[in-house]
Amino acid sequence: MIPIHFKNPEVNTVESLYCKLGLTKKGKGKQEDLRKKPQVVDDWCKANLIIDGKAYSFPEIIKADFNTLTRIRQEIDANNLAMPDDLKNYMINTLYEIRFPRKEFVDALEVTVCPYCNRNFVNSTFDKTMCDLDHFYEKSEYPVLAISFYNLIPVCHYCNHTKSTNKITYSSHDGRFKTDEMLAFDFHIRGMDFLYDKQQLGIEIYDAKEIESNIDILKLRELYQIHTDVVQECIKKAMMFEPGYLNYLASEYKDLFATKEELYRIVFGNYYEEEEYGKRPLSKMTTDILRDLMLLCYSMDLRDMSD
Ligand SMILES: [Zn+2]
């Protein structure tokens, strides 16, 4: 579970995505017909979505941050609000399916690895996205949120398919939590031959209650068991690369590495700063396991290497 963010300046990114929806474009013929519907949706929003005395417009709902979306969702639930079918169809089948700027959206978030599982790449090609967009608040249930930027999370096909219409409790747009506060990986040894037989290793996930349902519904505990070979590699690397050797590499090849973090990444094969977990698959798992191993073997924390 990796948080995601629009890059700065955030407001410009969201504004430019909003412009790409073409809701305010002047046009003729068919385009003019399309312009009438957003006005009807806007009227419906202002009449129904009034929170703490404020009536929310359609553009405000599209651009609303995650906390506001949660308040809007609560309002919809509390009042059993249902959009008329023609507006619901327009939201889902026209605005989301046809007009939503998927590639620009994914590019703006710079998501390249699925933030739900941290296992699969979700990169774009020149004109297409290779990921699914998960509606954190399900679009069939909350069609008014179908194109709200902070309701959409680029995820791998597996996670989207597995989540389906199930409700999970943590959104990667929810800025209240950091990955390390919510989640920790560990491993256990089942047999003496664990260095040669990956089946003798098991992976454990410790989760905070905020993401319990995410881990269960996405079946991450079961899925991660396939990665015991990576754990085995971590154990062997921790045995091979003692700190003195890493320091030797750092001084011997100092022109090769911009930072010690880069040296770490090359030796251990992954990013280890929390903000960078989303750049490469399994970063969170390998960081947790290597950190534990190094603490165990050398009584040191790898993070101290950057000193
Ligand atoms: Zn995934």
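Residues numbered from 1 in each chain as written. Predicted model: local features only at pLDDT ≥ 70, side-chain atom pairs only at ≥ 80, totals over all residues.

Peer 1: Help me get a handle on the overall build of the protein, residues and values and all.
Peer 2: Looking only at helices and strands, the protein has 14 helices and six strands in total. Structurally, the protein occupies a C-alpha span of about 70 × 40 × 35 Å along its principal axes. Within the span of the protein, comprising 307 residues, buried residues form 31% of the whole. Long-range pairs, those at least 24 residues apart, make up 65% of the contacts in the protein with a sequence separation of at least 6. (Helix = DSSP H or I, 4+ residues; strand = E, 2+ residues; numbered from the N terminus. Buried ≥ 20, exposed ≤ 12 C-beta atoms within 10 Å, placed from the backbone. Contact = placed C-beta atoms within 7 Å.)

Peer 1: Mind laying out unusual backbone geometry, listing which residues take part and the relevant values?
Peer 2: Non-glycine residue Asp52 carries a positive phi angle of around 50°. Using a count of 6 C-beta atoms within 10 Å as the deciding quantity, one classes Asp52 as exposed. A positive phi angle is found at Lys219, which is not glycine, with a value near 55°. Mapped onto the elements, Lys219 comes out in the loop between helix H9 (212-217) and helix H10 (220-224).

Peer 1: Account for the packing of helix H12 (residues 243-252) against helix H13 (residues 260-268), naming residues and giving values.
Peer 2: When two helices pack together, their arrangement is given by the angle between their axes and by how far apart the axes lie. It is the contact of H12 with H13, at a shortest axis distance of 11 Å, that shows an interaxial angle of 120°. As judged from the angle between their axes, H12 and H13 are oblique. Here H12 runs over H13; the crossing is right-handed. Across the interface between the two elements, Leu246, Leu249 and Ala250 of H12 pack against Lys260, Leu263 and Val267 of H13. Per-class residue counts for the contact of H12 with H13 are five nonpolar, no polar and one charged. (Axes fitted to C-alpha atoms, helices over the stretch in contact; angles between N-to-C directions. Parallel < 35°, antiparallel > 145°, perpendicular 65-115°, else oblique. Left-handed = near helix turned anticlockwise from the far one by under 90°. Nonpolar A, V, L, I, M, F, W, Y, C, P; charged D, E, K, R; others polar.)

Peer 1: Break down the domain arrangement of the protein for me, citing the residues and quoting the values.
Peer 2: Segmentation of the protein into domains returns domain 1 (10-163) and domain 2 (179-306). For domain 1 and domain 2, the distance between their C-alpha centroids amounts to 36 Å. Each side of the interface is counted separately: domain 1 has 13 residues, and domain 2 has 14 residues. Of the residues contributing to the side of domain 1 that touches domain 2, the split by class is seven nonpolar, four polar and two charged. (Domains from an automatic or database assignment.)

Peer 1: With reference to specific residues and values, describe helix H5 (residues 85-99).
Peer 2: Within H5, the axis deviates most sharply at Met91, by approximately 25°. For H5, every residue scored as buried is listed here: Tyr90, Met91 and Leu95. (Bend = angle between axes of the 7 residues up to and from the residue.)

Peer 1: Before we move on, can you summarise the confidence of the model for the protein with the specific residues and values?
Peer 2: On average, the protein scores 87 in pLDDT, and the residues at 70 or more come to 91%. Across the protein, element-level confidence peaks in strand S4 (residues 152-155) with a mean pLDDT of 96 and bottoms out in helix H2 (residues 30-48) with 76. Note that pLDDT drops below 50 for residues 27-34; the model gives that stretch three contacts with residues more than four away or on any other chain. (pLDDT = per-residue confidence, 0-100.)

Peer 1: Residues and numbers for the environment of Tyr196, please.
Peer 2: Residue placement: Tyr196 occurs in the loop between strand S5 (183-189) and strand S6 (201-207). Distance in space between the C-alpha atoms of Tyr196 and Asp229 is 9.6 Å, their sequence separation being 33 residues.

Peer 1: Any details on the environment of Glu261? Residues and values, ideally.
Peer 2: Within the element layout of this structure, Glu261 appears in helix H13. The partly exposed category is assigned to Glu261, around which 17 C-beta atoms lie within 10 Å.

Peer 1: Got a sec to walk through the environment of Leu246? Specific residues and values, please.
Peer 2: Mapped onto the elements of the fold, Leu246 is located in helix H12. Note on Leu246: 16 C-beta atoms within 10 Å, which makes it partly exposed. Put simply, Leu246 and Tyr264 are 18 residues apart on the chain and 8.2 Å apart in space, counted from C-alpha to C-alpha.

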